Amino acid sequence: MADQDFAPLQNDLLLRAAWGQTVERPPIWVMRQAGRYLPEYHEAKGNRDFFECCRDPEVASTLTLQPIERYAGLIDAAIIFSDILVVPQAMGMIVEMVDKKGPHFPNPLRSPGDPQYAEIMQRQVDVAAELDYVYKAITLTRKKLNGRVPLFGFCGAPWTLLCYMVEGGGTKLFKESKTWIYKYPEETKALLQKISEVCVEYLALQVKAGAQIIQVFDSWAGELSPASFKKFSQPYLEYIARNLPRRLREMGLEPVPMVVFPKGAWYALDAACNMGYNVVGLDWLHDPAEAVKTVGERPIVIQGNADPGVLYGSRAAITEAVENMVKGFDWKNRRRGWIVNLGHGVTPFVNPDDLRFFFEEIHRLTKLDEQQ
Ligand code: 1CP
């Protein structure tokens, strides 16, 4: 697919902002904007298994569009309904989604001695065939969006995917992940490299299918020490940022803006600004004004970063959180360099009307005065 195969964008604010241009207002979207907090999500999903929804382009595109329809005119991007764990699946691992518990790998990669390790390292993953359903969902979603807002593609960062592959699911302890990096560093790096190569091809094929911007989610970056981040996350994030544009050129496709979200790795913000991405996502541990200072003169856009927990609070608390961002990111003076988001995904049980209020407050408080 090429861009001319789809309806022209009526709202390209997010793309202009992500390329670092001065814009009339900061674009807004939120991570996990499709999902469990929306009653229409549960209705559309019914009793279907989570991955069954991801694999059905009709269902995946319906779920992707739900927040766009509910918050029409208030948000500036859609993100394809899928999961970061489709990559380990494509690499040959079994992943199930257990209701109310999250992802579960019945047979995680416990050590480099596990015969699965050699299989994974040797297998040439057919990224086009294995993840064909994602590309179909992206193309169908682009058609259904009909130019309303741009569509994000995404993948998990190699480090975060490795955590899931070795832990077998969510964890608080990171026992297996830490065992891998501290006991088998070379085998860990080889696996991270393998995952990175799959990610580059996967993202390129998402762009080919119609994704207009991509985000790499390093949700577990903050579990690494600064020294370990340099060894086990940063080189692979850089590999993706370097090789995706190259791969897109080879495929005859235009480059797209690239976003990296190294959650929890506040110490790595300065490094993240030099990793080759256009946009760096911030979690809520960052002080916006400090982040702006760290970015300095570099042409890097920052995305974030209200505490998602504020959506459990009062309307006054939401207004205050928005005011803090508008002030901290110095929006009225800079008018560039900021994409509004939460510092992580919307959490379950958030009242969708409170999220609407958050969006409305952003619009209200970022309006430029007439004379500006
Ligand atoms: O609007 C959207 O953003 C929906 C698309 C989306 C994305 C971008 C989903 C749907 N998952 C993701 C990314 C994802 N998946 C990440 C990175 C972002 C983040 O840190 O939140 C991670 C870590 C996962 C793994 C995952 N999948 C978890 C977390 C488990 C843990 O370790 O804490 C969970 C609960 C899922 C399931 C999932 N993925 C998406 C949804 C809507 C759900 C819930 C499924 C359900 O219960 O119905």
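Since this is a predicted model, take the numbers as computed values, not measurements. (Residues numbered from 1 in each chain as written. Predicted model: local features only at pLDDT ≥ 70, side-chain atom pairs only at ≥ 80, totals over all residues.)

Looking now at the nonpolar core. Among the nonpolar cores identified, the biggest contains 116 residues, and V87, F152, A211, I214 and V260 are the most heavily contacted of them. With 12 residues, helix α11 (residues 185-209) is the largest single contributor of residues to this core. When neighbours within four sequence positions are excluded, F152 is seen to be in contact with A77, A78, I79, I80, A211, I213, I214 and Q215. (Core = buried A, V, L, I, M, F, W, Y, C linked by C-beta atoms within 7 Å. Buried ≥ 20, exposed ≤ 12 C-beta atoms within 10 Å, placed from the backbone. Helix = DSSP H or I, 4+ residues; strand = E, 2+ residues; numbered from the N terminus. Contact = placed C-beta atoms within 7 Å.)

Turning next to the environment of V200. Within the element layout of this structure, V200 appears in helix α11. Given 21 C-beta atoms within 10 Å, V200 falls into the buried group. Residue contacts for V200: discarding those within four places in its chain leaves I240, N243, L244 and R247.

Here strand β6 (residues 258-262) lies mainly inside the structure; 5 of its 5 residues are buried. Alternating positions in β6 separate into two faces, M258, V260 and P262 on one and V259 and F261 on the other, with burial throughout. By the bridge criterion, 5 bridges tie strand β5 (residues 213-218) to β6 in an arrangement that is parallel. Bridge assignment links I214 to a residue of β6, and that residue is M258. Inspection of the sheet shows β6 paired to strand β7 (residues 279-281) by 2 bridges, in the parallel sense. For V260, the partnering residue across the bridge sits in β7 and is V280. (Pairing = 2+ DSSP bridges.)

Here, UniProt's "domain: Uroporphyrinogen decarboxylase (URO-D)" (unreviewed entry) annotation points to residues 27-36 and 152-168. Taken end to end, residues 27-36 is 0% helix and 0% strand, and its first and last C-alpha atoms sit 23 Å apart. (UniProt positions renumbered as here; feature names shortened; annotations may be inferred.)

This part covers unusual backbone geometry. With an omega of -5°, the peptide bond running from G304 to N305 counts as cis. The topology assignment puts N305 in strand β8 (residues 301-306). Despite not being glycine, F174 shows a phi value in the positive range, around 55°. By the element assignment, F174 lies in the loop between α9 (158-167) and α10 (175-183). Overall, F174 belongs to the partly exposed group, with 16 C-beta atoms counted inside 10 Å. Despite not being glycine, F349 shows a phi value in the positive range, around 75°. Here F349 is to be found in the loop between β9 (338-342) and α18 (352-366).

What follows concerns helix α4 (residues 57-70). Between its terminal C-alpha atoms α4 stretches 20 Å, which fits the 20 Å expected from 14 residues at 1.5 Å a residue. At T64, α4 shows its maximal kink, close to 25°; a proline, P67, follows between one and four residues later. Those residues of α4 that fall on the buried side of the exposure criterion are A60, S61, T62, L63, T64, Q66, P67 and I68. In this fold, the buried residues of α4 make contact with α2 (39-45), α3 (50-55), β1 (78-79) and α8 (132-145). (Expected span 1.5 Å × (residues − 1). Bend = angle between axes of the 7 residues up to and from the residue.)

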